[in-house]
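Summary of the model geometry
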Amino acid sequence: MTVVVLLGAPGAGKGTQADILANRLGIPHVATGDLFRTAVRDGSPVGLEARRYMERGRLVPDDITIRMLLDRLVQRDAGNGVILDGFPRNRPQAQALDAALAERGSRVDRAISIEVPSDELVRRLSGRWVCKASGHVYNEQSNPPRVKGRCDLDGSPLFQREDDEAGTIRARLALQLSSLRDVVGYYHDIDVLRIVNGVQPIDDVTAALLAALSDDAAV
Ligand code: AP5
Ligand code: MG
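In this report, we go over the structure that sits alongside the text. This is a predicted model, so every value here is computed, not measured.

A tally of helices and strands in the protein chain yields eight helices and eight strands. Relative to the globule expectation of 17 Å for 219 residues, the C-alpha radius of gyration of the protein chain, 16 Å, shows essentially globular dimensions. The dimensions of the protein chain, computed from C-alpha atoms along their principal axes, are 45 × 40 × 35 Å. Counting only residues that meet the buried cut, the protein chain has 47% of its 219 residues in that class. For the protein chain, contacts bridging at least 24 residues in sequence account for 71% of all contacts bridging at least 6. With an accessible surface of roughly 11,000 Å², the protein chain has 50% of that area assigned to carbon and sulfur atoms. The protein chain carries 28 positive and 30 negative side-chain charges, and their two centres are separated by 4 Å.

If you check the shell around ligand 1, you find 37 residues, and the closest are T16, R58, R128, Y138 and R172. One of the side-chain N or O atoms of R37 is found 2.9 Å from an oxygen atom in ligand 1. At 2.9 Å from an oxygen atom of ligand 1 is found a side-chain nitrogen or oxygen belonging to N139. Contact with the protein chains hides 97% of the accessible area of ligand 1, taken as 1,000 Å² for the molecule alone. Listing elements by their share of the shell around ligand 1, those giving two or more residues are α1 (14–25), α2 (32–42), α6 (118–126), β6 (137–139), α7 (166–189) and α8 (202–214). For the shell around ligand 1, a count of residues per class yields 13 nonpolar, 15 polar and nine charged.

With respect to the helices, strands and loops of the structure, K14 is situated in helix α1. The charged side chain of K14 is buried without a salt bridge, its nearest counter-charge being D85 at 4.8 Å. Beyond its immediate stretch of four places on either side in the chain, K14 contacts L6, L7, G8, A9, D85, G86 and I114.

Looking now at the packing of aromatic side chains. The full count for this structure, using the stated rule, is one aromatic pair. Pairing Y186 with Y187 gives two aromatic rings, centres 5.2 Å apart and planes at 90 degrees, and the pair type is edge-to-face. When its relative accessible area of 10% is taken as the criterion, Y186 is described as buried.

Of all hydrophobic cores here, the largest spans 46 residues; its most connected members are L7, L84, L97 and Y187. A total of eight residues in this core trace back to one element, the largest contributor, which is α7. When near neighbours in sequence (up to four residues on either side) are disregarded, L7 contacts K14, P88, A111, I112, S113, I114, L180, V183, V184, Y187 and L193. If you look at the next biggest cluster of nonpolar residues, it comprises six residues, including F36, M54, V60 and I64.

A few words now on the sheet that holds β6. If you walk across this open sheet you meet the three strands as β6-β5-β7, and the pairing is antiparallel. Strands at the two margins of the open sheet, each flanked by one partner only, are β6 and β7 (158–159). Relative to β7, strand β5 (residues 128–131) is paired through two bridges, and the arrangement is antiparallel. Within β7, the residue paired with V130 across the bridge is F159.

Now for helix α5 (residues 91–103). Here α5 contains 13 residues, and its C-alpha end-to-end distance of 19 Å stays within 8% of the 18 Å for a straight helix at 1.5 Å per residue. Taken as a whole, α5 has its buried residues at Q93, A94, A96, L97, A100 and L101. Within α5, the buried residues cover an arc of 160 degrees as seen down the axis, which keeps them to one side. Check the buried side of α5 and you find it contacts β1 (2–7), α4 (62–73), β3 (81–85) and α7. The residue sitting at the N-terminus of α5 and contributing the capping side-chain oxygen is N90; that oxygen lies 2.9 Å from the backbone nitrogen of Q93.

Thresholds, definitions, all that
- Residues numbered from 1 in each chain as written.
- Chains lettered and ligands numbered in written order.
- Predicted model: local features only at pLDDT ≥ 70, side-chain atom pairs only at ≥ 80, totals over all residues.
- Heavy atoms only, no water.
- Helix = DSSP H or I, 4+ residues; strand = E, 2+ residues; numbered from the N terminus.
- Rg over C-alpha atoms; globule rule 2.2 N^0.38 Å.
- Buried < 20%, exposed > 50% of the residue type's maximum accessible area, 1.4 Å probe, protein only.
- Contact = heavy atoms within 4.5 Å.
- Areas by Shrake-Rupley, 256 points an atom, 1.4 Å probe, with all protein chains shown as cover.
- Lys, Arg positive; Asp, Glu negative; His and termini not counted.
- Charge placed at Lys NZ, Arg CZ, Asp CG, Glu CD.
- Near = heavy atom within 4 Å.
- Polar contact = N/O pair within 3.5 Å; in protein donor to acceptor, adjacent residues only side chain to side chain.
- Nonpolar A, V, L, I, M, F, W, Y, C, P; charged D, E, K, R; others polar.
- Salt bridge = Lys/Arg side-chain N within 4 Å of Asp/Glu carboxyl O.
- Phe/Tyr/Trp six-rings, centres within 6.5 Å; stacked < 30°, edge-to-face > 60°.
- Core = buried A, V, L, I, M, F, W, Y, C linked by side-chain atoms within 4.5 Å.
- Pairing = 2+ DSSP bridges.
- Expected span 1.5 Å × (residues − 1).
- Arc of directions from axis to C-beta.

Worth remembering: the numbers are spatial, not functional.
This is how it looks when you write it as structure tokens:
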């Protein structure tokens, strides 16, 4: 089982890169943000609860988040591994993940932090568009779709996320960066952390991630 954790601030490019890596490595991209957005869309109890936090830019409580993620990890397609995007977001989540993996004789093979300065994060999130069918990610400036408002890959309409409104972007950056630093420290301390510069073209970030994955034969 190969477990890769992508870390980074809101807008760092985790989702963009996790999709590409999932295709390259043949393991699923599991994003707690996507799981929550699906639950919100379905109007499930988890979705109703999560939405109260997401629309304020806050982290959803650990009990809900950890249970949802662990349920996803036991699904069949995750048997050979996963690319985790947006989880863990704090130390208790990192510890819960370690405990669940240890039960299967597994561990986090590599955690990679994609680093991008705050002014660039705000620019990226303000210009982001996401496809309705599968969450493919675009950007007005850096990664526009071929046809305005339509996904290149499946033709579905593009929308802007509720939490990409200017005030919520500011709240997410203000409220979430210190726990991100904690998680980065956690993986540094257990010696699986690598850092990648996220301020380069998407393909170059992918190349840097693949290099970080093959270094010391982590994966
Ligand atoms: P989540 O969906 O995880 O959002 P996030 O962490 O804020 O990250 P984003 O999805 O906004 O950014 P990204 O890094 O994926 O960047 P992207 O690739 O899209 O979480 C949403 C909410 O759910 C949280 O706020 C919280 O409430 C809750 N939640 C989720 N997980 C949780 C957890 N574990 N615990 C508790 N609560 C949780 O790229 C951004 C833009 O930049 C795009 O437009 C893209 O095209 C562009 N771009 C990408 N790469 C580049 C590049 N190299 N150069 C230029 N532009 C680029
Ligand atoms: Mg994302």
